[in-house]
Each structure stands twice: as C-alpha cells, then as structure tokens.
Amino acid sequence: MLSATRRQKIKEILMEKKSVTVTELCNIFNVSDETIRRDLKKLEQEGIIEKNYGGAILKEGFTIVPPISQRAKEFIQEKEKIAKEAVKRIKEGMIIILDTGTTTYQIARNLKTAQNITVITNGVNIINELVTNSNINLFLVGGKVKSSNFSIVGPEAQKSFTQFSADIAFIGTSGISLEKGLTTSDIFEAEVKKAMIESSKEVIVVADSSKFLKNAMVSFCSLNKVTEIITSGEIDSELVEKFRQKGVKLTIV
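Anyway, here's the lowdown on the structure attached to this text. Remember, it's a predicted structure, so these values are computed and weren't measured experimentally.

**Notes on the nonpolar core**
Item 1. Counting 34 residues, the largest nonpolar core has Phe161, Ile176, Phe212, Ile229 and Phe243 as its most contacted members.
Item 2. Of all the secondary-structure elements, those providing two or more residues to this core are β8 (151–153), α8 (155–162), β9 (166–171), α9 (187–198), β12 (200–206), β13 (218–221) and α10 (237–245).
Item 3. At five residues, α9 tops the list of elements feeding residues into this core.
Item 4. Excluding residues that lie within four positions of it along the chain, Phe212 makes contacts with Ile176, Ile229, Thr231, Ile235, Leu239, Phe243 and Leu250.

**A few points about the layout of surface pockets**
Item 1. Space inside the second largest pocket adds up to approximately 150 Å³.
Item 2. Around the second largest pocket, the lining residues are Lys144, Val145, Lys146, Ser147, Val153, Gly154, Pro155, Asp186 and Phe188.
Item 3. Of the residues forming the lining of the second largest pocket, the biggest block, three residues, is contributed by strand β7 (residues 144–146).

**Focus: the packing of helix α1 (residues 3–17) against helix α2 (residues 22–29)**
To describe two helices that pack against each other, one gives the angle between their axes and the distance between the axes.
Item 1. In contact at an axis separation of 12 Å, α1 and α2 are set at 125° when each is read in the N-to-C sense. The orientation of α1 with respect to α2, classified from their angle, is oblique. Seen from above, α1 lies across α2 with right-handed handedness. When α1 is examined against α2, the residues Arg6, Lys9, Ile10, Ile13 and Lys17 are found in contact with a partner set consisting of Glu24, Leu25, Ile28 and Phe29.

Criteria and thresholds
- Residues numbered from 1 in each chain as written.
- Predicted model: local features only at pLDDT ≥ 70, side-chain atom pairs only at ≥ 80, totals over all residues.
- Heavy atoms only, no water.
- Core = buried A, V, L, I, M, F, W, Y, C linked by side-chain atoms within 4.5 Å.
- Buried < 20%, exposed > 50% of the residue type's maximum accessible area, 1.4 Å probe, protein only.
- Helix = DSSP H or I, 4+ residues; strand = E, 2+ residues; numbered from the N terminus.
- Contact = heavy atoms within 4.5 Å.
- 1 Å grid on protein atoms, 1.4 Å probe; cavity = no way out; pocket = protein on both sides within 12 Å on 5 of 7 lines; lining within 4 Å.
- Points joined across faces, edges and corners; volume = space filled by probe spheres on them.
- Axes fitted to C-alpha atoms, helices over the stretch in contact; angles between N-to-C directions.
- Parallel < 35°, antiparallel > 145°, perpendicular 65-115°, else oblique.
- Left-handed = near helix turned anticlockwise from the far one by under 90°.

Okay, structure coming up:
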C-alpha cells in the first residue's frame, strides 16, 4: 500500500474513533511501528493530529472530509431544504457557479426545469445531472479529476474560473468558523474555490449545521467575503448571534 493511501485510511479511522494507538495501526496495516510513526509525524505536520504516548488523537475542532459517496448519505433532509432555498436566489438570465459537493448537487437537482441560465461548475456529478436540460448553458472547467469527490481541480480549473464573471457562486465547505472562515481539507480545491469566489458578484455558502465550528486544513475564504450562508438544522442561538455580529447574513431553513 502506498504511504499516501495508508495515511488517508488512518485519517478515516481517526474520524470515526478520534484516537488510535501505534499498535492498533501496525496490526491493521501489517507494517512496522517505525512506518506508522512516520505516517503520524506527517499527519501531525499537516495539523490534523496531536501525537501522544503510544498513539495519536484527532486535533480538537479539526474535521476530515470523507469521500463524497459517504457524505451524500448524511444530512440529506437538511441539504434538500438548503437547496430549495438557494434556488430562490437564481433569476432568469443569471450566470451562476456551482461548486462541487453534496449540497450543491442538490441545487443542481432542483434546476432541472430551469430556463435561460448559465451554470459553470467543476462537479462531474453536477454536469451529469444538468446535461439533459437544453435550456441551461452548461460549462465544465478543465483540469485534473479527483475521483473521491467527483470534482475537477488544479491550475487549469483555477484559470478557467477566472475567465468568467458570475452573478452568484454557490460554495460548499468542509468547515465554518468565526476565526478561520471557510476551510477545506484539500489545498487544490481551496485554490479553485478562491477563483470561484473572486469571479462572482455574490458568494452564497450552502452548508448543513454539522459544518459549523469545524476547521479543515486549508482556509480559503474569510467571512467578510461571504454574502450569505444558507443552512439548516439545530444551531445554537448564541452562535447565530456571533456570526451576525460579524456581518454575516445567516439564513436558517
């Protein structure tokens, strides 16, 4: 097994268990403790874990993003509500950017009957959802395909988005916090998201309630660049007030 693949699986174990020992990981992967310690050192350098005697724990407030196939099954009702609310912001003739993700995919599902709009995306699953609607001008950016997320990333995708001027960018995120703003676990996705945001007049974040107070590895947008956050679910009223004090329009559906 490649070391990168093994580290990804260690992340998934930590996401589920929050802590793990070197001995456990040696038994799971059938490798030496020296190999596991190198893996843990790398994850510590990435800011994902804190090493302790005999193992490691997931860093407090840190989120590891599971594959899209797993995320698609989580918070489905919340994501459907968010998508229905988000579509209300789209008017005929608009040019919109749809970020990759499970909530933005729900937006695409609600656009099947849309007329005379332009959609620009890096989401392969979003293209598949909208391609049969001849009334939508549909653009898929070029670049490297990230199969775990059905997304297209890399310098080519980043450059493609800078060539457009959109009315609204609907952005997904792995975490939302008062300190770091919007975060993701992938530096290449972060750069593409930045290009989407810079190319749009308005930035609307679509995220279920589980994303609040979580930080992934890379910050890609401060809260002062966000036009609105559309969310759903149980969110503490004090937290809502803190976001609004920062000037963030927070819509809970």
